[in-house]
Amino acid sequence: MSETGGRRPTPDRRPTRPGADQLRHPEPIDRKLSDQEIFDLSETALKKGGSFEQAMARAIREADPINKRLILEQWPKLVEKYGPDGWCK
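Keep in mind that what you see is a predicted model, and the values were worked out from it rather than measured.

## Quick notes on the packing of helix α2 (residues 35-48) against helix α3 (residues 51-62)
Okay, step 1: Direction vectors running N to C along α2 and α3 enclose 150°, while the axes themselves pass 8 Å from each other. With respect to α3, the axis of α2 lies roughly antiparallel. Our pair here, α2 against α3, has a crossing hand that is left-handed. Between α2 and α3, the residues in contact are I38, F39, L41, S42, E43, A45 and L46 and E53, Q54, A57, R58, I60 and R61, respectively.
Okay, step 2: Partitioning the contact of α2 with α3 into residue classes produces 7 nonpolar, 2 polar and 4 charged.

## Quick word on the environment of Q36
Okay, step 1: Looking at where Q36 falls in the secondary structure, it is placed in helix α2.
Okay, step 2: Within the local environment of Q36, its side chain forms a polar contact with the side chain of D40, the two groups lying 2.8 Å apart.

## Side note on the nonpolar core
One broad trend across soluble globular proteins is that nonpolar side chains are buried collectively.
Okay, step 1: L33, L41, I60, L72 and Y82 are the most contacted members of the largest nonpolar core, which has 14 residues in total.
Okay, step 2: Listing elements by their share of this core, those giving two or more residues are α2, α3, α4 (65-74) and α5 (76-82).

## Focus: the environment of T44
Okay, step 1: In this fold, T44 is placed in helix α2.
Okay, step 2: Taking C-alpha positions, T44 is 8.7 Å from A57, a pair spaced 13 residues apart along the chain.

## Overview of the pattern of salt bridges
Okay, step 1: Following the criterion strictly, the structure yields 4 salt bridges and no others.
Okay, step 2: E43 is the partner of K47 in a salt bridge, and the nearest nitrogen-oxygen pair spans 3.6 Å. With K47 and E43 both in helix α2, this residue pair falls 4 residues apart, about one helical turn.
Okay, step 3: The residue K81 makes a salt bridge to E53 at a minimum N-O spacing of 3.2 Å.

## Quick word on the packing of α3 against α4
Okay, step 1: Contact geometry of α3 with α4 gives a least axis separation of 8 Å together with a crossing angle of 155°. It follows that α3 is roughly antiparallel to α4 by the angle criterion. Note on element contacts: α4 touches α3 through K68, I71 and L72, opposite M56, A59 and I60.
Okay, step 2: Considered class by class, the residues forming the contact of α3 with α4 number 5 nonpolar, no polar and 1 charged.

## Some words on α2
Okay, step 1: An ideal rise of 1.5 Å per residue puts 20 Å on 14 residues; α2 measures up with 20 Å between its terminal C-alpha atoms.
Okay, step 2: Of all the positions in α2, only I38, L41, S42, T44 and A45 are classed as buried. Here the buried residues of α2 occupy an arc of 165° about the axis, which is enough to place them on one side. Across from the buried face of α2, at angles greater than 90 degrees, the exposed residues are D35 and K47.
Okay, step 3: In this fold, the buried residues of α2 make contact with α3, α4 and α5.

Rules behind the numbers
Residues numbered from 1 in each chain as written. Predicted model: local features only at pLDDT ≥ 70, side-chain atom pairs only at ≥ 80, totals over all residues. Heavy atoms only, no water. Axes fitted to C-alpha atoms, helices over the stretch in contact; angles between N-to-C directions. Helix = DSSP H or I, 4+ residues; strand = E, 2+ residues; numbered from the N terminus. Parallel < 35°, antiparallel > 145°, perpendicular 65-115°, else oblique. Left-handed = near helix turned anticlockwise from the far one by under 90°. Contact = heavy atoms within 4.5 Å. Nonpolar A, V, L, I, M, F, W, Y, C, P; charged D, E, K, R; others polar. Polar contact = N/O pair within 3.5 Å; in protein donor to acceptor, adjacent residues only side chain to side chain. Core = buried A, V, L, I, M, F, W, Y, C linked by side-chain atoms within 4.5 Å. Buried < 20%, exposed > 50% of the residue type's maximum accessible area, 1.4 Å probe, protein only. Salt bridge = Lys/Arg side-chain N within 4 Å of Asp/Glu carboxyl O. Expected span 1.5 Å × (residues − 1). Arc of directions from axis to C-beta.

In structure tokens:
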């Protein structure tokens, strides 16, 4: 029997999934959106977005104010695409 107990040594592996720190967007949203702007963003995403964006828009509508902000900060592409200065109007 070998030093490894008959088993093949396992190579050192890096995690295949990114950690939570890698998933966060590095820059916060430039400005605070008004409640009306958030509603308009969700309305546009519901009408023009894909299934994920529509699900996020429904989540924004159901969320309390703190979680609305968290969603928008974690998915800044929603603001870039459907926000007041967004390209998908």
